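Chain and residue survey
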Amino acid sequence: MNRHPMPAAKEVLSHLLGRREDLVDLLRRMTEAESPSDLPGAQIEIREIIAGELENLDFHTHRIPGRKSGGMLHARPAVRRPGNPAQLLLGHYDTVWPLGTLADMPFTHEDDVVRGPGVYDMKGGIAQSLLAIGALRHFDLEPAVTPHVFFNSDEEIGSRESRRYIESLAPRMDRVFVLEPSLGPAGRLKTARKGIGRFTVTVTGEAAHAGLDPGAGASAILELSHVIQALFALNDFDRGITVNVGTIDGGLRPNVVAPRSQAVVDVRVAGQADAETVEAAIRALQPSTRGTSLEIVGGFGRPAMEKTPANRQLWQMACRLGDELGLQLEEGMAGGGSDGNFTSLYTATLDGMGAVGDGAHARHEHLCLERTLEHAALLALLLMAPPMNLQDTLP
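So, a few notes on the structure that sits alongside this text. If you're wondering where the values come from, they're calculated on a predicted model, not measured in any experiment. (Residues numbered from 1 in each chain as written. Predicted model: local features only at pLDDT ≥ 70, side-chain atom pairs only at ≥ 80, totals over all residues. Heavy atoms only, no water.)

Turning our attention to the pattern of salt bridges. Applying the stated rule across the entire model yields 21 salt bridges. Across the pair Arg-239 and Asp-274 runs a salt bridge, and its minimum N-O distance is 2.4 Å. With a gap of 35 residues between them, Arg-239 in the loop between α6 (220–232) and β10 (242–250) and Asp-274 in helix α7 (residues 272–283) connect regions that are remote in the sequence. Here Asp-274 falls in the buried class, since its relative accessible area comes to 10%. (Salt bridge = Lys/Arg side-chain N within 4 Å of Asp/Glu carboxyl O. Helix = DSSP H or I, 4+ residues; strand = E, 2+ residues; numbered from the N terminus. Buried < 20%, exposed > 50% of the residue type's maximum accessible area, 1.4 Å probe, protein only.)

Quick look at the structure:
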């Protein structure tokens, strides 16, 4: 229940557009706290910046230690109504950029554009969510659906430690907003993501002298060449299925018939049914070269985020609120995965709610301030929306 009447959407937008300098200042502090995924100790500073901002917004923060990662941060309002449904703001504060990147890729702000390692993916989304929560406090509004915040430090390397926490929280949530950057300069929200699989195919053959007795050997490299062609034949771009042999390795030296070879395969699919079909086809591969054998390991680490009825209902809610703000929202599918791939299995999920800009994982990474603040206003309105009626939409 609101403590004060809900302001008009344009009033929320005007307030957040007025916080442009606050966003720049917060982004500067967060970006200059470099946080590569592979250095857990480097992630403490950024975690504490975020925790401090949340505590200033009267959130109770819980720091969850990691074994090999920099841990996680879970926060919720210090005072909340018992029995209220909950909603989740989900994101990560690790980046792909190594420590020291700031030396030749510094944080800069010029006109509407902010640049720096991680500003778009996805420190901008975290900063934007903090401003959206701050807007509710500014207008003295209490959401009917209690907001929880969960940020991890290992998303860029597969969320190996944090996945179980995310999958524990998701079924208890009315909805999830993933603060990954929006899709492309148009700022499209991500209503679908491909599932991602990783497989390693190892071929074992028999070594022999390539000149003296080649017939005594069984070439693992020859067999791998057949396997690679079979793998690429599984591509079906019309169905959104991509199979890519990204690396190969094998052999001892030029004058030896190769006794071993290996390929690492990236697979992306639009839906769970295709994941099962493609995985079955990969595991069914058989050697065609006499004297060789195959070992196939791996699987799908992230399920596809599909356009479920619950996800469509949340997207339609966003469109209605976007209209109130004067925003024409667009949607799209992302080929990459996020933690939204996990939550979508359990509850309504809307991804790409973060920064508007371009250049994730690239040297031209940047965000656009005005469009990002517009997304912050949309997020604030979504946080104030009533609970969703998902009884007839969830499986």
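Back to the text.
Our focus in this paragraph is unusual backbone geometry. Here Asp-121 and Met-122 are connected by a cis peptide whose omega angle stands at -10°. Note that Met-122 resides in helix α4 (residues 119–138). Non-glycine residue Asp-111 carries a positive phi angle of around 55°. On the secondary structure map, Asp-111 appears in the loop between β4 (108–110) and β5 (113–115). Asp-111 sits in the exposed class, given a relative accessible area of 63%.

With that settled, consider the pairing of strand β11 (residues 260–269). In this structure, strand β9 (residues 195–204) lies alongside β11, joined through ten bridges in antiparallel fashion. Considered in β11, the bridge of Phe-199 is made with Val-265. Bridge count between β10 and β11: eight bridges; the pairing is antiparallel. The residue of β11 that forms the bridge with Ile-248 is Ala-263. (Pairing = 2+ DSSP bridges.)

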